[in-house]
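Residue-level listing of the chains:
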Amino acid sequence: MLRFGERQPYVPAPPLLRGLKHLVRYRATLTQARARVKNQLRAILDEVFPEYQQESLFADLFGATSVVGSTLAGQAYAAVLPDLITGYQALNERVATFTARIEAELATTEQTLTTIPGVGTVLAATILAEIGDVTRFPSSDHLVAYAGLAVGESQSGQGAIRRFLSRRGLPQLRAAFFQAALAAVRFDPYLGAYYRRRVESGLPCRQAIIAVARKLVRITYALLKSGAPYQPPDPEP
């Protein structure tokens, strides 16, 4: 397969990026566990105190004041709820600890991804770590495919062509670019205008976000190759 060009030789990422990948993936595991605990807490609140989430009593439902106060919920959950709250608070601390470690590691890396509006430290670290050495991708199209954001086509027996998202790439990278796209349409005038044009042309909102994510992959490829900061063109009228 190597001989006929169907596969590329394995090129290990630099040690710093390999370590960063372990950090961002472990932090993602912690945030997923925290989300599951939050869902359990919400389910309990919906059962014993449904008005709690409907009223704007607290700016953050899972803030310190709200969480501590909610330990007095129904007797049926007297043993479970305090334990869930303790677990949630512990996960919060661990997420914060590994976020700080990721920020420290990223500070030692030359990168310009955080110059893209909406791309914070954790997203930039995730994208860098999952891509590894960008020179192993001959073009931005290859990186789009690696991120699982390439568009595939299939044809029915009646000749109709259906376009779909090919999910053959790396799910961690696809999720990172999707999150970055959600932020970019809010904070970047150029990408925000691009998103609105796609929606106005009839594309569903989620499909338009995927289109923005695909454009962000190409921007990322250019930044990693050049080392230059992000400079968006002026939004089109």
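Chemist: Explain the environment of Leu20 here, please?
Modeler: Positionally, Leu20 belongs in helix α1 (residues 15-48). Residues Leu20 and Arg101 lie 81 residues apart in sequence; the distance between their C-alpha atoms is 9.2 Å. Setting aside anything within four residues of it in sequence, one finds Leu20 in contact with Ile102, Glu105, Leu106, Ala125 and Ala129.

Chemist: Can you help me understand the side chain of Asp188 in this one?
Modeler: If you trace the backbone, Asp188 turns up in the loop between α7 (171-187) and α8 (189-200). An unpaired buried charge is present at Asp188: no salt bridge exists, and Arg196, the closest side chain of opposite charge, is 9.1 Å distant. Here Tyr190 takes part through its backbone nitrogen, which lies 3.0 Å from a polar atom of the side chain of Asp188. Apart from residues lying up to four places away in sequence, Asp188 is in contact with Pro117, Tyr230 and Pro232.

Chemist: How should I be thinking about the packing of aromatic side chains in this particular structure?
Modeler: The description of two aromatic rings rests on the distance between their centres and on the angle between their planes. Enumeration over the complete set of coordinates arrives at two aromatic pairs. Residues Tyr26 and Phe98 carry aromatic rings whose centres are separated by 4.9 Å and whose planes lie at 65° to one another, so their mutual orientation is edge-to-face. Here Tyr26, found in helix α1, pairs with Phe98, found in helix α4 (residues 80-107); they are 72 residues apart in sequence, far enough to count as distant. Here Tyr26 falls in the partly exposed class, since its relative accessible area comes to 33%. Judged by its relative accessible area of 17%, Phe98 falls in the buried class. Each ring, one from Phe137 and one from Tyr146, has its centre 5.0 Å from the other, and the planes form 55°; the classification is tilted. Overall, Tyr146 belongs to the partly exposed group, its relative accessible area being 26%. A cation over an aromatic ring shows up here: Arg136 above the ring of Tyr146, its NZ or CZ 5.0 Å from the ring centre. Its guanidinium or amino end placed over the ring of Tyr194, Lys215 lies 4.6 Å from that ring's centre, counting from NZ or CZ.

Reading the values: rules and limits
Residues numbered from 1 in each chain as written. Predicted model: local features only at pLDDT ≥ 70, side-chain atom pairs only at ≥ 80, totals over all residues. Heavy atoms only, no water. Helix = DSSP H or I, 4+ residues; strand = E, 2+ residues; numbered from the N terminus. Contact = heavy atoms within 4.5 Å. Buried < 20%, exposed > 50% of the residue type's maximum accessible area, 1.4 Å probe, protein only. Lys, Arg positive; Asp, Glu negative; His and termini not counted. Salt bridge = Lys/Arg side-chain N within 4 Å of Asp/Glu carboxyl O. Polar contact = N/O pair within 3.5 Å; in protein donor to acceptor, adjacent residues only side chain to side chain. Phe/Tyr/Trp six-rings, centres within 6.5 Å; stacked < 30°, edge-to-face > 60°. Lys NZ or Arg CZ within 6 Å of the ring centre and 35° of its normal.

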